[in-house]
Amino acid sequence: MTGYTMLRNGGVGNGGQTCVLRWSNRIRLTWLSFTLFIILVFFPLIAHYYLTTLDEADEAGKRIFGPRAGNELCEVKHVLDLCRIRESVSEELLQLEAKRQELNSEIAKLNLKIEACKKSIENAKQDLLQLKNVISQTEHSYKELMAQNQPKLSLPIRLLPEKDDIGLPPPKVLRSCRLHNCFDYSRCPLTSGFPVYVYDSDQFAFGSYLDPLVKQAFQATARANVYVTENADIACLYVVLVGEMQELGVLRPADLEKQLYSLPHWRTDGHNHVIINLSRKSDTQNLLYNVSTGRAMVAQSTFYAAQYRPGFDLVVSPLVHAMSEPNFMEIPPQVPVKRKYLFTFQGEKIESLRSSLQEARSFEEEMEGDPPADYDDRIIATLKAVQDSKLDQVLVEFTCKNQPKPSLPTEWALCGEREDRLELLKLSTFALIITPGDSRLVISSGCATRLFEALEVGAVPVVLGEHVQLPYQDVLQWSEAALVVPKPRVTEVHFLLRSLSDSDLLAMRRQGRFLWETYFSTADSIFSTVLAVIRTRIQVPAAPIREEAAAEIPHRSGKAAGTDPNMADNGDLDLGPVETEPPYASPKYLRNFTLTVTDFYRSWNSAPGPFHLFPHTPFDPVLPSEAKFLGSGTGFRPIGGGAGGSGKEFQASLGGNVPREQFTVVMLTYEREEVLMNSLERLNGLPYLNKVVVVWNSPKLPSEDLLWPDIGVPIMVIEA
């Protein structure tokens, strides 16, 4: 206690302890300073040494501070990874440098080849130019050779009336007039266009006696005809209308003949004149029978054998519809083929060679002796027997219920009014037409009227009597629309009519309707047909078609149509590539007159296509060669041949003389929009297609929101 207290209170021992504490404090400060000096001096030196010797280590496991444990520092690993990346990049750079050197060597080789190709192209161009020069020289030599071998032809010299001297010897008998001895061809050159001059009937005395309806209808159709000219000096043909007269007997034949010979361009004999006598009634008399017509042609519906000149005069149809168009809505349809009656006939013979009501001898007894002069009695007995047999329903009446129409001797007069006769014919499959008993009467207005009415309502005409001259018989094939049976075969008529099939009967009915509409129905058709027959006889080409712009219907195009797989995969029938260049117009089809005049239409009525597809004039028959003139320009090609060629491949295989050719598709439609769109889409990708023309036959225009397919070529929509 005493010592502790002394130490605490700074007693005697306090001086020794104080010295010890001071000495220990000095030692600690010195050690601390020495330690800090070591750390601050040697540790940076060691770190510097480590960093400088790290890159110089050869082995991956070498360490500056000796082997270490698994927990290495992250910084060391990162540095090692960067070193490996640098080594791999260096290797890739070396490889790329090697490839670059290889490509440079290949480019050098290709440049050498390009230079060689350029030299070969230049050589080929020079060779091609030389070949073109050789071909041009060869073509020029060929043209010169052809020009030397072809004779120079000139067109006929046109003769004008003041220089008119045909120099034709007059025929010994005017009955023997034909084109070669009664027609002046020099007035109708091939390039004349067939000008026709029509006399004004009102300027002559006989014009006051003409039926007003016939005269008015004739003047109207003459003004609208494409061949009619007002310049009589250049006319090829002169037409004068002399009938039908209002009253019979008002003008004597001698007076009419005198007036005809006084026509301004009659020139003593009337050559190149056509005298037209149109019949509007069935009782028209033969006005020109006792009139000397000279070398003028006669066109009428009644001819005697002594008056008719085959191949020169014309048998025309009666003018039933003078000033009005036929009502086509009242015409019965083509089907059904079979009608109520197998055949019908109504007529009365006012004057006959034998009484038609008395029983005649048997047909065998008549045939044993001399041929009978009149077969009408046998015809009556045979037809009545067919009616009484009840095998088929027929209607024959040989006595009119009312007063019969006036008629010529031995001619069967018409019964009743026209409306009543048409109603009966609408119920008849066949219509019997019995020719006059006098064979000297080759055609009469009554027979022509029966033929006209039968064709109008679709009853197939059956003409009994082969001596009859039907209208335009030398140019129309009546066998395709009517049956002409000799009178001695009247007993076989029933068998013949029953043997016809429905298809043949329908074909004859359709052909008869075509003949009636085209040649007989109106005044325009009759006048145009008369001119067409004469023009074809003298071998003058028809006038060119007047171009008329069609009314195009605007429409919108939609999305592009897909290609038809049937067209994409043609197999062996490859049509060649689609034309990539812009289409260009085809060369016009120019045919020389030598081929034109010799390429006659074999039968105007046998193939009605040219009339409807290529209407020349409203009712003007078109020769095949004339229709081919419509094949000018891209799209519409000739229908019987052409200038040749239909594309590159076709030209090479067929030997055409046109480098390439395209075609146009013409489609007719009537309110069938969906079917039309599908049909148009199938044309996409069709080779050599130039354009598509859609003829819209409906009076109702297509809907405005209708989207038309985009097939890669123009689509023109025109109104019919």
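As recorded by an unreviewed UniProt entry, the chain carries the name Exostosin-like 3-like and is attributed to Pontoporia blainvillei. The chain has a UniProt comment under Sequence similarities (unreviewed entry) that states "Belongs to the glycosyltransferase 47 family." Entered under Subcellular location (unreviewed entry) in the UniProt record, the comment concerning the chain runs "Endoplasmic reticulum membrane".

K.L.:
Mind laying out the nonpolar core, listing which residues take part and the relevant values?
P.N.:
By size, the foremost hydrophobic cluster in this structure holds 84 residues, and its most contacted members are Phe194, Val239, Tyr472 and Phe520. Not counting chain neighbours up to four residues away, the residues in contact with Tyr472 comprise Val315, Val316, Ser317, Trp478, Tyr519, Phe520, Ile526, Thr529, Val530 and Val533. Grouped together as the second largest cluster of nonpolar side chains are 27 residues, Val337, Leu342, Leu383 and Leu464 included.

K.L.:
Outline unusual backbone geometry, supporting the account with residue identities and numerical values.
P.N.:
At the junction of Gly243 and Glu244, the peptide bond is cis and its omega measures out at 25° in the coordinates. Relative to the elements of secondary structure, Glu244 occurs in the loop between β2 (237–243) and α6 (253–261). The omega torsion of the bond from Val335 to Pro336 falls at 5°, within 30 degrees of zero and hence cis. With respect to the helices and strands, Pro336 occurs in the loop between β6 (314–315) and β7 (341–346). The backbone phi angle of Arg267 is positive, close to 55°, even though this residue is not glycine. With respect to the secondary-structure elements, Arg267 resides in the loop between α6 and β3 (273–277). Positive phi, close to 65°, is recorded for Asn272, a residue that is not glycine. Relative to the assigned elements, Asn272 resides in the loop between α6 and β3. Given the relative accessible area of 1%, Asn272 is considered buried.

K.L.:
Explain the packing of helix α12 (residues 502–520) against helix α13 (residues 523–537) to me, using residue names and the numbers behind them.
P.N.:
For the pair α12 and α13, the least separation of the axes is 6 Å and the interaxial angle reads 85°. When the axes of α12 and α13 are compared, the pair comes out roughly perpendicular. Contacts from Glu517, Thr518, Tyr519 and Phe520 of α12 reach α13 at Ser525, Ile526 and Thr529. By residue class, the composition of the contact of α12 with α13 is three nonpolar, three polar and one charged.

K.L.:
Just give me the short version of empty space enclosed by the protein, but keep the residues and values in it.
P.N.:
All told, the structure shown has six cavities of 30 Å³ or more when counted by the stated rule. Counted as a void, the largest cavity has a volume near 160 Å³. Lining the largest cavity are 13 residues, with Gln346, Arg421, Leu425, Arg450 and Glu453 sitting closest to its centre. The set of elements that each furnish at least two residues to the lining of the largest cavity consists of β7, α9 (418–426), β11 (428–434) and α10 (445–457). Across the lining of the largest cavity, the residue classes tally to eight nonpolar, two polar and three charged.

K.L.:
Account for the state of the cysteines, with residues named and values stated.
P.N.:
Evaluated as defined, the whole model comprises three disulfides. Each sulfur of the disulfide joining Cys177 and Cys182 lies 1.9 Å from the other. Note on the Cys177 and Cys182 pair: the S-S dihedral is about -80°, so by sign convention the disulfide is left-handed. Of the two residues, Cys177 and Cys182, both sit in the buried class. Each disulfide of the chain joins two cysteines, and with those cysteines numbered along the sequence the arrangement is 1-2, 3-4, 5-6.

K.L.:
Could you give an account of α13, with specific residues and numbers?
P.N.:
With 15 residues, α13 ought to run about 21 Å at 1.5 Å a step, and its terminal C-alpha atoms sit 21 Å apart, in line with that. The buried fraction of α13 amounts to 14 of the 15 residues, a majority that puts the element mostly inside the structure. Two residues or fewer past α13, Gln539 is found with a positive phi of approximately 65°.

K.L.:
Summarise the packing of aromatic side chains; cite the residues concerned and give the values.
P.N.:
Counted according to the given criterion, the structure contains 20 aromatic pairs. Geometrically, the ring pair formed by Trp31 and Phe34 is tilted, given 6.2 Å between the ring centres and 35° between the ring planes. With Trp31 and Phe34 both in helix α2 (residues 14–54) and three residues apart, the pair spans about one turn of that helix. On the basis of relative accessibility, which here comes to 59%, the residue Trp31 falls in the exposed class. Both rings, one in Phe183 and one in Tyr185, keep their centres 5.5 Å apart while their planes meet at 75°; by these two values the pair is edge-to-face. In textbook terms, an aromatic cluster arises when at least three aromatic residues are bridged by ring pairs, as seen for Tyr197, Tyr199, Phe204, Phe206 and Tyr238.

K.L.:
Got a sec to walk through the side chain of Ser445? Specific residues and values, please.
P.N.:
Relative to the elements of secondary structure, Ser445 occurs in helix α10. The buried category is assigned to Ser445, whose relative accessible area is 1%. Within the local environment of Ser445, its side chain forms a polar contact with the side chain of Thr302, the two groups lying 2.9 Å apart.

Analysis parameters
- Residues numbered from 1 in each chain as written.
- Predicted model: local features only at pLDDT ≥ 70, side-chain atom pairs only at ≥ 80, totals over all residues.
- Heavy atoms only, no water.
- UniProt positions renumbered as here; feature names shortened; annotations may be inferred.
- Core = buried A, V, L, I, M, F, W, Y, C linked by side-chain atoms within 4.5 Å.
- Buried < 20%, exposed > 50% of the residue type's maximum accessible area, 1.4 Å probe, protein only.
- Contact = heavy atoms within 4.5 Å.
- Helix = DSSP H or I, 4+ residues; strand = E, 2+ residues; numbered from the N terminus.
- Axes fitted to C-alpha atoms, helices over the stretch in contact; angles between N-to-C directions.
- Parallel < 35°, antiparallel > 145°, perpendicular 65-115°, else oblique.
- Nonpolar A, V, L, I, M, F, W, Y, C, P; charged D, E, K, R; others polar.
- 1 Å grid on protein atoms, 1.4 Å probe; cavity = no way out; pocket = protein on both sides within 12 Å on 5 of 7 lines; lining within 4 Å.
- Points joined across faces, edges and corners; volume = space filled by probe spheres on them.
- Disulfide = S-S within 2.5 Å.
- Expected span 1.5 Å × (residues − 1).
- Phe/Tyr/Trp six-rings, centres within 6.5 Å; stacked < 30°, edge-to-face > 60°.
- Polar contact = N/O pair within 3.5 Å; in protein donor to acceptor, adjacent residues only side chain to side chain.

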